[in-house]
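Results of the structural survey
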Amino acid sequence: MARAKKTTRSTGAKEQPAATRAKKTTRSTGAKEQPAATRTRSRSASVPAGDAAARVAAAVERIVDWLRRRAPAAIAGLRPPASDLGPVEAALGRPLPADLAALWRLHDGGLPIFEYAGLGCAEALRRRAGLEQLRAAGAFAGHEVFEQAAPRIQPTKWHPAWIPLAEDGCGNLYCVDLEPGPAGHVGQVIRWETRGGPFAAGSVSLAELLGRYARALAGGRFTYDPDSGTFDGPYLDLLAPR
């Protein structure tokens, strides 16, 4: 939702106070505490593989075109396609969602989501492995997590089925969620904060997020400041229900 007559940095996790996203926090329950039967009731946010690849390709083309013309510094690190998605799928023990696979087959990282730097396959695995080590060591036990209006996301500080997608300068993430809560969708994109863990206002697929991002840039309401590396424009939550 845009803020009238005022601009702010676009989608960074620091822009919207946690208090506006959730009235209170709850204690992390741990990634293994939700019964499998509950998890399997979650629906898929993914579209058919062919449609997902086409939607991702169209959105990425528009995003890259806008960034090359108006914010070339933001995509200075844009990379070529990933050569092998096998290590990621092996680490996860399952295939990647079609839209995430399509994105990495176009660019193995370097495509920003506003101020969040796009991660490639190897970076995503390293970031996930680091958080998994902390989880396994009990570092997140008892941590408070954002309370959800609907149980879209498992109520834990970190879950091994979350795939880091993009990261800001403070370590906050966009992730693709492969084991959502009962009201969520497999493949939904969530945001994750170092302080309060995961949150999302809606269940949005990566293909839809990229489409929203492309439309927002094309709408002419955002500018890029190369000195600070930030985008200015109205507040925009790419994961909000539509």
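Below: a short report on this structure. (Residues numbered from 1 in each chain as written. Predicted model: local features only at pLDDT ≥ 70, side-chain atom pairs only at ≥ 80, totals over all residues. Heavy atoms only, no water.)

1. Overview of the overall build of the protein chain
Along the protein chain, the regular secondary structure elements total 7 helices and 12 strands. Across the 242 residues of the protein chain, 52% fall into the buried class. Across the protein chain, every contact between residues at least 6 apart in sequence was considered, and the portion connecting residues at least 24 apart equals 70%. Carbon and sulfur atoms form 54% of the exposed surface of the protein chain, whose accessible area is close to 11,000 Å². (Helix = DSSP H or I, 4+ residues; strand = E, 2+ residues; numbered from the N terminus. Buried < 20%, exposed > 50% of the residue type's maximum accessible area, 1.4 Å probe, protein only. Contact = heavy atoms within 4.5 Å. Areas by Shrake-Rupley, 256 points an atom, 1.4 Å probe, with all protein chains shown as cover.)

2. Overview of the environment of Asn-172
Relative to the helices and strands, Asn-172 is located in the loop between β6 (162–167) and β7 (173–177). For Asn-172, a relative accessible area of 5% corresponds to the buried category. Linking Asn-172 and Trp-192, residues 20 residues apart in sequence, is a C-alpha distance of 5.7 Å.

3. With respect to the sheet that holds β6
For sheets, the rule is that strands pair by backbone hydrogen bonds, running either parallel or antiparallel. In space, the 5 strands of this open sheet follow the order β4-β6-β7-β9-β10, with antiparallel pairing throughout. The sheet is open, and its two edges are formed by β4 (117–118) and β10 (197–205), each paired on a single side. Bridging between β6 and β7 involves 5 bridges; their strand directions are antiparallel. Along β7, the bridge assignment pairs Ile-163 with Val-176. Contacts between helix α5 (residues 98–106) and the sheet are confined to β6, β7 and β10, with β6 contributing the most and set at about 40° to the helix. Helix α6 (residues 121–136) contacts β4, β6, β7 and β9 (188–193) of the sheet and is inclined by roughly 115° relative to β6. (Pairing = 2+ DSSP bridges. Axes fitted to C-alpha atoms, helices over the stretch in contact; angles between N-to-C directions.)

4. Focus: the packing of aromatic side chains
Here the structure, examined in full by the defined rule, presents 9 aromatic pairs. Residues Tyr-116 and Tyr-174 carry aromatic rings whose centres are separated by 4.8 Å and whose planes lie at 65° to one another, so their mutual orientation is edge-to-face. Here Tyr-116 is found in the loop between α5 and β4, whereas its partner Tyr-174 is found in strand β7, with 58 residues between them in sequence. The buried category is assigned to Tyr-116, whose relative accessible area is 0%. Among the residues examined, Tyr-174 registers a relative accessible area of 0% and is labelled buried. Clustering of aromatic rings is evident, with ring pairs tying together Trp-66, Phe-114, Tyr-213, Phe-222, Tyr-224 and Phe-231. (Phe/Tyr/Trp six-rings, centres within 6.5 Å; stacked < 30°, edge-to-face > 60°.)

5. What to know about the pattern of salt bridges
What the rule picks out here adds up to 8 salt bridges. Here Glu-167 makes a salt bridge to Arg-127, at a shortest N to O gap of 2.9 Å. Of this pair, Glu-167 sits in strand β6 while Arg-127 is found in helix α6, placing the two residues 40 residues apart along the sequence. We classify Glu-167 as partly exposed; its relative accessible area is 21%. A salt bridge links Arg-215 to Glu-208; its shortest N-O distance comes to 3.3 Å. Look at the salt bridges and you will find they share partners, linking Arg-55, Glu-208, Arg-212 and Arg-215 into a network. (Salt bridge = Lys/Arg side-chain N within 4 Å of Asp/Glu carboxyl O.)

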